[in-house]
Amino acid sequence: MQLIEHHPILQYQHGKKVKFIFDGQEMEGFEGEPIAAALHANGVRILSYTEKYKRPRGFFCAIGKCSSCFVVVNGIPNVRSCITPLEEGMVIETQRGHGTFHKEVQDGEH
Amino acid sequence: MNTDLLVIGGGPAGLCAALEASSFGCKVVIVDESLSLGGQLIKQTHKFFGSSKEFAGTRGIEIARLLTQEIMNKKDNIEVFLNTTAVGYYADEKTVTCMKSEQDFFSVNPKKIVIATGALEKLLPFVGNDLPGVYGAGAVQTLMNVYGVVPGKRVLMIGAGNIGLIVTYQLLQAGVDVAGIVEYAPRIGGYWVHAAKIRRLGVPIYLRHTIKKALGSSWVEGAIIQAVNEKGEWYGEEKRIDCDVICLAVGLSPTCELLWQAGCEMNYVPELSGYVPKRDETMRTTHPDIWVAGDASGIEEASSAMIEGKIAGLSVAHSLGRVDDSSFKNKLGEYWQELDLLRGGETAAKIRNGVKKVLVKSSEDSSMNIQYCAQSKSQVQVIQDQDFCSGVLPEKMVESITPPLELWSRKKGGLVVIECPQSIPCDPCHTSCPTGAILPFKNINDLPKIDYSKCSGCALCVASCPGLACFVIDLTEDEKAAIKLPYEMFPRPNIGEEVECLNRKGEVVAIGKVIRVQEPRKDKTVVVHVTVPKELAMQIRAIRVMKHG
Amino acid sequence: MDEEIIVCRCEEVTLKEIRDAIRSGHTTIGELKRLLRVGMGPCQGRGCREIILREISQITKTPFEKLNPGRFRPPVKPIPMGLLKQKVSQERSD
Ligand SMILES: Cc1cc2nc3c(=O)[nH]c(=O)nc-3n(C[C@H](O)[C@H](O)[C@H](O)COP(=O)(O)OP(=O)(O)OC[C@H]3O[C@@H](n4cnc5c(N)ncnc54)[C@H](O)[C@@H]3O)c2cc1C
Ligand code: SF4
Ligand code: SF4
Ligand code: FES
């Protein structure tokens, strides 16, 4: 994992190490830390491909505001991976295109 | 769920609002969408500016810890929901709907609401700006400072405001290479001392440049930058920068959706970085049950966010009849005095103007005699020098910071040299000095003034100054000068070790020898004593440990 | 170059599309939303609204402060449809 080993100011207190699956591959991360951080530490930068132009997307704000970091977690799409804590055994997938739900909600706008 | 007060956002503003209101017996619910309390503070590894009376000289993470502890001590009155987003305000039912863990859904019916939702990173339009690897500065900070994940190998920073400058320094601390900082304006926007810190470690700042393109097909593999003229047109040659992360630090905008939804009257105020609600001096918006505090009310900084939070909490308690009128007015007056002090300096002129545009007088306040947004009288001198504008002290200014030679050359232990030429709200140099050599500040925005006859060379100021702008130089040896300088990198040098000595632009100008390493404040800023050639004493301002082995 | 710059990340709308639409008379956020779906994605226009307003301001020579930023409706966050239904049914059973 790409973790910072030495820091002049900080001491990192990581939680329990857990295993999860990303696109069929087993990976390790720390329980309770955001999914996006765990994926990045495993070298995963692409979290989704966009609907129209199939462009790769990673996270951007990491505080839950930009919705750039959607992944599919245990079958549920549009999960903001930057603020969703990692759990043992989670099955995470790269999201392709829009998930199914949020469009319906948005269409109610007008 | 019913409660007296719902605080949306658990950053410094929200936490202070909650603490203040609960201190008057209000029942408070705090919701925050992140995984811990503290907001932006949990990623700030640097020491904060501001008044020592508040938290100046303390690292952001430490402030977050202290505030969270206080909240935990008030468990009876304050209930906290983390990983919980306030998703909507439904005016008819006066209900806030919240979503926990992206799944569970509940609603809160509070009597009053404080919106302290902080800010969101601004985007910049350029080719490839949506590639993985183009990250907001806050995201980079979260990744490395909260979760200890390496954000990348080499970062290009866009924006030389305080955030861009600070995050650059933090990247260096985490051992990540920074290719440079690109800044559209002809001068850095952040505090000068923050720029000086990274310039002396060799990071270039490209003024009047901007990013044109992120290179790469799956993720960032480089960037194209180019100079711009006064009209904003491209000119000159394109430069290719190798990097795997492009970090955007081009400003924050207040998070205002809930305020719009609630029908608060909003104004676009460029000085406060976006749409912000009109508010009275108690931070109450035009909606009678909704208050605002912190970055959501206009982008500023943590110290003012905390005071705004306290004001909002106090005023909520007052509106619920938990505080009597006279203590309310007294406290409000005190808080405003603190705010005015913070906003008194040269760098806060913008904030003062912005706040004036949205501050409306409340009806209940006619009897009060408080001067909101008082102007300070400090004279602002704008220095145009090219080096100065990017955080390097120009040759011609060195004399003005040089101690008187006849005293200095004989003074065992050395004398202090302070490189802090810009008026900012900050005073730990004075408060840390045990001898009174750094004179008392009349206004927290004053530049430090020195009585050299009192300086003992103890270097306590060196360890305390959040701008890393204090040095002590001893000239009493024959050929060598000893410099005591602040050091916050990894690894720490050992006594007797040879280190590279860097000038204000980060160029290696000598090899020095470490003679002592101390940590006077036990807060991880060490003071390294290094001997250097005497003629370079007023040039060397940083050291770098040479690669071991 | 404009056609390569994505302004609205959620709905993948380019700077060129936005400029063309403004030039052909769609000069409010509301109209652009209907035409291009900008700002209709899950982030609710948090990233792009300001960039689009700045374009409108420049092309129509209207001061930024005078522009209408459009409407903000709950939810602020993309709520999975199931959850909204849950709320409705909960309210009914209350
Ligand atoms: C790199 C950097 C360096 C800085 N350095 C300094 C410094 O040296 N000195 C200084 O004084 N200040 C500094 N600041 C500024 C300071 O951190 C901020 O001004 C301050 O944190 C603002 O406080 P806040 O409470 O308004 O917002 P925040 O700290 O942003 O907190 C807002 C909170 O609200 C939550 N939230 C948002 N929306 C919702 C919602 N809908 N539902 C639930 N929760 C929500 C967020 O998760 C967050 O926790 C710095 C900022 C940065 C980014
Ligand atoms: S070196 Fe010591 S005595 Fe001199 S100014 Fe600094 S703190 Fe004061
Ligand atoms: S020298 Fe004093 S005023 Fe300047 S940054 Fe350091 S502590 Fe603050
Ligand atoms: S990265 Fe912005 S919402 Fe997750």
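Keep in mind the model is a prediction, meaning the values are calculated, not measured.

### Examining the interface of chain B and chain A
Stage number 1. Chain B puts 52 residues into the contact, and the matching count from chain A is 36 residues.
Stage number 2. Buried area between chain B and chain A, summed over both chains or domains, comes out near 3,700 Å², and the portion from carbon and sulfur atoms is 61%.
Stage number 3. Taken as a group, Glu 102, Asp 130 and Tyr 147 of chain B account for 16% of the area that chain B buries against chain A, more than any other trio of residues on that side.
Stage number 4. Residues Asp 130 of chain B and Arg 55 of chain A are paired through a salt bridge, measuring 2.7 Å at the closest nitrogen-oxygen approach.
Stage number 5. For the pair chain B and chain A, the interface holds 13 residue pairs in polar contact (both at pLDDT 80 or more).
Stage number 6. Counting residues per element, the ones that place at least two in the side of chain B that touches chain A are β7 (119–121), β8 (134–136), α3 (137–146) and β15 (245–248) of chain B.
Stage number 7. Here the side of chain B that touches chain A is composed, by residue class, of 25 nonpolar, 17 polar and 10 charged.

### Section: the side chain of Lys 47 of chain B
Residue and element names in this part refer to chain B.
Stage number 1. Along the polypeptide, Lys 47 turns up in the loop between β2 (28–31) and α2 (60–72).
Stage number 2. On the accessibility criterion, Lys 47 (3% relative accessible area) is buried.
Stage number 3. A polar contact is formed between the side chain of Lys 47 and the backbone oxygen of Ala 463, at a distance of 2.7 Å.
Stage number 4. Of the polar contacts made by the side chain of Lys 47, one reaches the side chain of Asp 523; its length is 3.0 Å.
Stage number 5. Those residues within four positions of Lys 47 in sequence are excluded, and the remaining contacts are Gly 57, Thr 58, Arg 59, Ala 463, Ser 464, Pro 466, Glu 488, Arg 521, Asp 523 and Thr 525.

### Considering helix α8 (residues 325–342) of chain B
All names here are of chain B.
Stage number 1. Taking 1.5 Å as the rise per residue, α8 with 18 residues should run 26 Å; its terminal C-alpha atoms sit 26 Å apart, in good agreement.
Stage number 2. Against the buried residues of α8 lie α1 (12–23) and α7 (302–319).
Stage number 3. Put simply, Asp 324 is the residue that caps the front of α8, since its side-chain oxygen is 3.1 Å from the backbone nitrogen of Ser 326.

### Some details on the layout of surface pockets
All names here are of chain B.
Stage number 1. Volume-wise, the second largest pocket comes out at about 990 Å³.
Stage number 2. Looking at the second largest pocket, it is lined by 37 residues, and the ones nearest its centre are Leu 172, Gly 175, Met 489, Phe 490 and Arg 544.
Stage number 3. Residue assignment for the lining of the second largest pocket shows that the elements contributing at least two residues are α4 (162–173), β10 (177–182), β22 (480–487), β23 (498–502) and β26 (542–545).
Stage number 4. With four residues, β26 is the largest single contributor of residues to the lining of the second largest pocket.
Stage number 5. In terms of residue class, the lining of the second largest pocket is made up of 23 nonpolar, five polar and nine charged.
Stage number 6. Two domains each put at least three residues into the lining of the second largest pocket: domain 2 (123–248) and domain 3 (392–545).

### Some points on the site of ligand 1
Stage number 1. Surrounding ligand 1, one finds 33 residues, the nearest of these being Asp 32, Gln 40, Ala 86, Asp 295 and Ala 302 of chain B.
Stage number 2. Residues close to ligand 1 are split across chains A and B.
Stage number 3. Between ligand 1 and Ala 13 of chain B, the relevant distance is 2.9 Å, taken from an oxygen atom to a main-chain nitrogen or oxygen of the residue.
Stage number 4. In the model, a nitrogen atom of ligand 1 is placed 2.8 Å from a nitrogen or oxygen of the Ala 86 of chain B main chain.
Stage number 5. Compared with its free state, where it exposes 1,000 Å², ligand 1 has 95% of that area covered by protein.
Stage number 6. If you list the elements that add at least two residues to the shell around ligand 1, you get α1, β4 (84–90), α4 and α7 of chain B.

### Some remarks on the site of ligand 3
Stage number 1. Around ligand 3, the surrounding shell consists of Phe 49, Ile 418, Cys 420, Cys 426, Pro 428, Cys 429, Pro 448, Cys 465, Pro 466, Gly 467 and Cys 470 of chain B.
Stage number 2. Of the residues in the shell around ligand 3, the class split is 10 nonpolar, one polar and no charged.

### Things to note about the confidence of the model for chain C
All names here are of chain C.
Stage number 1. Looking at chain C, the pLDDT average stands at 80 and 78% of residues meet or exceed 70.
Stage number 2. Per-element mean pLDDT across chain C ranges from 48 in helix α4 (residues 81–93) up to 95 in helix α1 (residues 15–23).
Stage number 3. pLDDT under 50 marks residues 88–94. Its contacts with residues more than four places away, or in other chains, come to zero contacts.
Stage number 4. Interface confidence for the predicted complex, given as ipTM, is 0.90, next to a pTM of 0.90.

### Focus: the sheet that holds β15 of chain B
Sheet strands line up and pair through hydrogen bonds in the backbone, either parallel or antiparallel.
Residues and elements named next belong to chain B.
Stage number 1. Ordered by their spatial adjacency, five strands build an open sheet running β8-β15-β9-β10-β11, and the pairing between neighbours is parallel. Each edge of the open sheet is held by one strand with a lone partner, namely β8 and β11 (205–206).
Stage number 2. Of the strand pairs in this sheet, β10 and β11 are connected by two bridges, and their pairing is parallel. Each bridged residue has a counterpart across the sheet, and for Ile 181 the counterpart in β11 is Ile 205.

### Description of the packing of α3 of chain B against α4 of chain B
All names here are of chain B.
Stage number 1. Direction vectors running N to C along α3 and α4 enclose 25°, while the axes themselves pass 10 Å from each other. Classified by the angle between their axes, α3 and α4 sit roughly parallel to one another. Where α3 crosses over α4, the two elements pack in a sense that is left-handed. Judged by residue contacts, Ala 137, Val 140, Gln 141, Met 144 and Asn 145 of α3 engage Ile 163, Val 167, Gln 170 and Leu 171 from α4.
Stage number 2. Classifying every residue of the contact of α3 with α4 gives six nonpolar, three polar and no charged.

The rules behind the values
Residues numbered from 1 in each chain as written. Chains lettered and ligands numbered in written order. Predicted model: local features only at pLDDT ≥ 70, side-chain atom pairs only at ≥ 80, totals over all residues. Heavy atoms only, no water. Contact = heavy atoms within 4.5 Å. Buried area = accessible area lost by both parts, 1.4 Å probe. Salt bridge = Lys/Arg side-chain N within 4 Å of Asp/Glu carboxyl O. Polar contact = N/O pair within 3.5 Å; in protein donor to acceptor, adjacent residues only side chain to side chain. Helix = DSSP H or I, 4+ residues; strand = E, 2+ residues; numbered from the N terminus. Nonpolar A, V, L, I, M, F, W, Y, C, P; charged D, E, K, R; others polar. Buried < 20%, exposed > 50% of the residue type's maximum accessible area, 1.4 Å probe, protein only. Expected span 1.5 Å × (residues − 1). 1 Å grid on protein atoms, 1.4 Å probe; cavity = no way out; pocket = protein on both sides within 12 Å on 5 of 7 lines; lining within 4 Å. Points joined across faces, edges and corners; volume = space filled by probe spheres on them. Domains from an automatic or database assignment. Near = heavy atom within 4 Å. Areas by Shrake-Rupley, 256 points an atom, 1.4 Å probe, with all protein chains shown as cover. pLDDT = per-residue confidence, 0-100. Pairing = 2+ DSSP bridges. Axes fitted to C-alpha atoms, helices over the stretch in contact; angles between N-to-C directions. Parallel < 35°, antiparallel > 145°, perpendicular 65-115°, else oblique. Left-handed = near helix turned anticlockwise from the far one by under 90°.

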